[in-house]
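# Overview (structure and organization)
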Amino acid sequence: MNACDECPIADKIHECCGRFPDSGESVGFMLEGNVRVAACPHLDGGGRCSIYYQRPLKCQMHYCDGVNRDGFG
Ligand code: SF4
Ligand code: SF4
């Protein structure tokens with residue numbers, strides 16, 4: 001478990017995980033209520049980053065107010 005795992009999925013996608021920052025790639029991701037959104041392909045089915053400890057620098061440096069929870073949100 002890392003700090004970003006606790007971030008609500010809708011916030012996460014809106015804030016920082018709507019696409020893979022190094023390539024811009026995105027895939028479809030289902031939110032509750034059958035709402036389909038674009039998301040980074042590295043989000044797993046539970047909405048967690050599957051490469052968290054190897055994620056790109058742009059992800060590590062992403063600032064979100066309040067959280068960026070371990071300092072490298
Ligand atoms: S690599 Fe991980 S932290 Fe970066 S945008 Fe994708 S899911 Fe989010
Ligand atoms: S960086 Fe901030 S908005 Fe992005 S997943 Fe982590 S806590 Fe959520």
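The coordinates are above.
Residues numbered from 1 in each chain as written. Chains lettered and ligands numbered in written order. Predicted model: local features only at pLDDT ≥ 70, side-chain atom pairs only at ≥ 80, totals over all residues. Heavy atoms only, no water.

### Describing the overall build of the protein chain
- Secondary structure summary: the protein chain contains two helices and two strands in total.
- Helices and strands appear in the protein chain in the N-to-C order α-β-β-α.
- Long-range pairs, those at least 24 residues apart, make up 35% of the contacts in the protein chain between residues at least 6 apart in sequence.
- Accessible surface for the protein chain amounts to roughly 4800 Å². Of this, 52% is attributable to carbon and sulfur atoms. (Helix = DSSP H or I, 4+ residues; strand = E, 2+ residues; numbered from the N terminus. Contact = heavy atoms within 4.5 Å. Areas by Shrake-Rupley, 256 points an atom, 1.4 Å probe, with all protein chains shown as cover.)

### Some words on the site of ligand 1
- Lining the immediate surroundings of ligand 1 are C16, C17, R19, F20, P21, C40, L43, C49, I51, R55, P56 and C59.
- Along the lines of polarity and charge, the residues of the shell around ligand 1 split into 10 nonpolar, no polar and two charged. (Near = heavy atom within 4 Å. Nonpolar A, V, L, I, M, F, W, Y, C, P; charged D, E, K, R; others polar.)

### Re the pattern of salt bridges
- Here the structure, examined in full by the defined rule, presents one salt bridge.
- Taking the shortest distance from any N to any O, the salt bridge between R48 and D5 comes out at 3.9 Å. Note that R48 is positioned in the loop between β2 (35–39) and α2 (57–61) and D5 in the segment before α1 (9–15), a separation of 43 residues in sequence. (Salt bridge = Lys/Arg side-chain N within 4 Å of Asp/Glu carboxyl O.)

### So, the environment of A38
- Relative to the elements of secondary structure, A38 occurs in strand β2.
- Along the chain, A38 and R19 lie 19 residues apart, while their C-alpha atoms are 7.0 Å from each other.
- Look past the residues within four positions of A38 in its chain and what remains in contact with it is I13, G18, S26 and V27.

### Here we look at the packing of aromatic side chains
- Applying the stated criterion to the full structure yields one aromatic pair.
- Seen in terms of ring centroids, Y52 and Y53 are 5.0 Å apart; in terms of plane orientation they differ by 85°. Their pairing is edge-to-face.
- Using a relative accessible area of 4% as the deciding quantity, one classes Y52 as buried.
- Its guanidinium or amino end placed over the ring of Y52, R55 lies 3.7 Å from that ring's centre, counting from NZ or CZ. (Phe/Tyr/Trp six-rings, centres within 6.5 Å; stacked < 30°, edge-to-face > 60°. Buried < 20%, exposed > 50% of the residue type's maximum accessible area, 1.4 Å probe, protein only. Lys NZ or Arg CZ within 6 Å of the ring centre and 35° of its normal.)

### Some words on the nonpolar core
- Of all hydrophobic cores here, the largest spans six residues; its members are I13, C17, F29, L31, A39 and L43.
- Ignoring any residue separated from it by four or fewer positions in sequence, one finds L31 in contact with I9, I13 and V37. (Core = buried A, V, L, I, M, F, W, Y, C linked by side-chain atoms within 4.5 Å.)

### A look at the side chain of K12
- Within the fold, K12 resides in helix α1.
- Residue contacts for K12: discarding those within four places in its chain leaves C4, D5, C7, C17, L43, G47 and R48.

### As for the pairing of β2
- One ladder, built from five bridges, connects strand β1 (residues 27–31) with β2; its direction is antiparallel. Following the sheet pairing, L31 is matched in β2 by V35.
- Count of turn residues in the β1/β2 antiparallel hairpin: three residues, of which G33 carries a positive phi of about 80°. (Pairing = 2+ DSSP bridges.)

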